[in-house]
Amino acid sequence: DPDAFLISNNDVEATPSVIDELVKVMLLDVNIGFVTGKVYYSSLQGSTNFLQTVGMERNSISIVGRHIGNGEFDEGQYDKIREVAWYTFGGIFIRRDVLNTIGDFDPEYEWSYNRDVDYCLQIREKGWKIYQGATRIMHLQSQDNKRVSTPQNREAEARNRERVKKKWKDTKYWKTLNRKIDE
């Protein structure tokens, strides 16, 4: 049985060396629960060098926060290995121990969105870390979710945001974590 798994959306493309690069980061610390790379838009302003996310952070506007680096042109500013508070599950390399301990997503979350934030906070609550490395992961702009974006799903997403906020807002895990790791 493998010690870790690559979990990816069906609208993600990665570099051929993505697993090797993610394994290298995961081997830095036995307490890393999962690792991911820099996620890019497939085409923004005619380029594939615009970031979608390199982690997430809290802000005063959104309930669960915003994507760090969103819309920024990648000039290597996030090429350092970083520990982050939470990350989208678009493409992650996760330890079997994490899956065995936490299990599946909380079934109380509806549809999609925000259950990955909850899962990340559970990972951190159990003592694991979440790291972002410099490998490239191309996200084809949520093409699948755009297809199923309905008023009912948007309402479910709003309920999910409220659920994750209610569950975690008064904990230390709700705080932003965006720390560069010395290699």
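Preceding block: the structure.
Reading guide: rules and limits
- Residues numbered from 1 in each chain as written.
- Predicted model: local features only at pLDDT ≥ 70, side-chain atom pairs only at ≥ 80, totals over all residues.
- Heavy atoms only, no water.
- Helix = DSSP H or I, 4+ residues; strand = E, 2+ residues; numbered from the N terminus.
- Buried < 20%, exposed > 50% of the residue type's maximum accessible area, 1.4 Å probe, protein only.
- Contact = heavy atoms within 4.5 Å.
- Areas by Shrake-Rupley, 256 points an atom, 1.4 Å probe, with all protein chains shown as cover.
- Salt bridge = Lys/Arg side-chain N within 4 Å of Asp/Glu carboxyl O.
- Axes fitted to C-alpha atoms, helices over the stretch in contact; angles between N-to-C directions.
- Parallel < 35°, antiparallel > 145°, perpendicular 65-115°, else oblique.
- Left-handed = near helix turned anticlockwise from the far one by under 90°.
- Nonpolar A, V, L, I, M, F, W, Y, C, P; charged D, E, K, R; others polar.
- Phe/Tyr/Trp six-rings, centres within 6.5 Å; stacked < 30°, edge-to-face > 60°.

What follows deals with the overall build of the protein. For the protein, the count of helices and strands is five helices and ten strands. For the protein, the proportion of its 183 residues judged to be buried stands at 45%. Contacts in the protein between residues far apart in sequence, at least 24 positions, make up 75% of those at least 6 positions apart. Of the roughly 9600 Å² of accessible surface on the protein, 47% is carried by carbon and sulfur atoms.

On to the side chain of Thr36. Looking at the secondary structure, you find Thr36 in strand 3 (residues 32-41). With residues near it in sequence (within four places) discarded, Thr36 still touches Leu22, Tyr87, Gly91, Ile92, Tyr131, Gln132, Gly133 and Ile137.

This next bit is on the pattern of salt bridges. Tallied over the full model, the rule gives eight salt bridges. Put simply, Lys38 and Asp79 hold a salt bridge, and the shortest N to O gap is 2.4 Å. With Lys38 in strand 3 and Asp79 in the loop between strand 6 (66-67) and strand 7 (82-84), the pair connects residues that are 41 residues apart, well separated along the chain. With a relative accessible area of 38%, Asp79 lands in the partly exposed category. With a closest N to O distance of 2.7 Å, Glu110 and Arg159 form a salt bridge. Here Glu110, found in the loop between helix 2 (96-102) and helix 3 (115-125), pairs with Arg159, found in helix 5 (residues 151-168); they are 49 residues apart in sequence, far enough to count as distant. Among the charged side chains, a salt-bridge network with shared partners connects Asp106, Asp118, Arg163 and Lys167.

Right, let's talk about the packing of helix 3 against helix 5 for a bit. The geometry of helix 3 relative to helix 5 is characterised by a closest axis approach of 10 Å and an angle of 20° between their N-to-C directions. Between helix 3 and helix 5, the angle falls in the class roughly parallel. Remark: the crossing between helix 3 and helix 5 carries left-handed chirality. Together, Val117, Asp118, Leu121, Gln122 and Glu125 of helix 3 and Val164, Lys167 and Trp168 of helix 5 make up the contact between the two elements. In terms of residue class, the contact of helix 3 with helix 5 is made up of four nonpolar, one polar and three charged.

Throughout the structure, instances matching the rule amount to six aromatic pairs. The interplanar angle of 75° and the centroid separation of 5.3 Å between the aromatic rings of Phe50 and Phe73 together place this pair among those described as edge-to-face. Here Phe50, found in the loop between strand 3 and strand 4 (51-53), pairs with Phe73, found in the loop between strand 6 and strand 7; they are 23 residues apart in sequence, far enough to count as distant. Phe73 sits in the partly exposed class, given a relative accessible area of 36%. Each ring, one from Phe89 and one from Phe105, has its centre 5.5 Å from the other, and the planes form 50°; the classification is tilted. Of this pair, Phe89 sits in the loop between strand 7 and strand 8 (91-95) while Phe105 sits in the loop between helix 2 and helix 3, and the two are 16 residues apart along the sequence. Under the relative-accessibility criterion, Phe89 is labelled buried at 10%. Three or more aromatic residues joined by ring pairs make a cluster, and in this case those are Phe34, Phe89, Phe105 and Tyr119.

Right, let's get into helix 3. In terms of burial, helix 3 is a largely internal element, nine of the eleven residues being buried. Within helix 3, burial applies to Asp116, Val117, Asp118, Tyr119, Cys120, Leu121, Gln122, Ile123 and Arg124.

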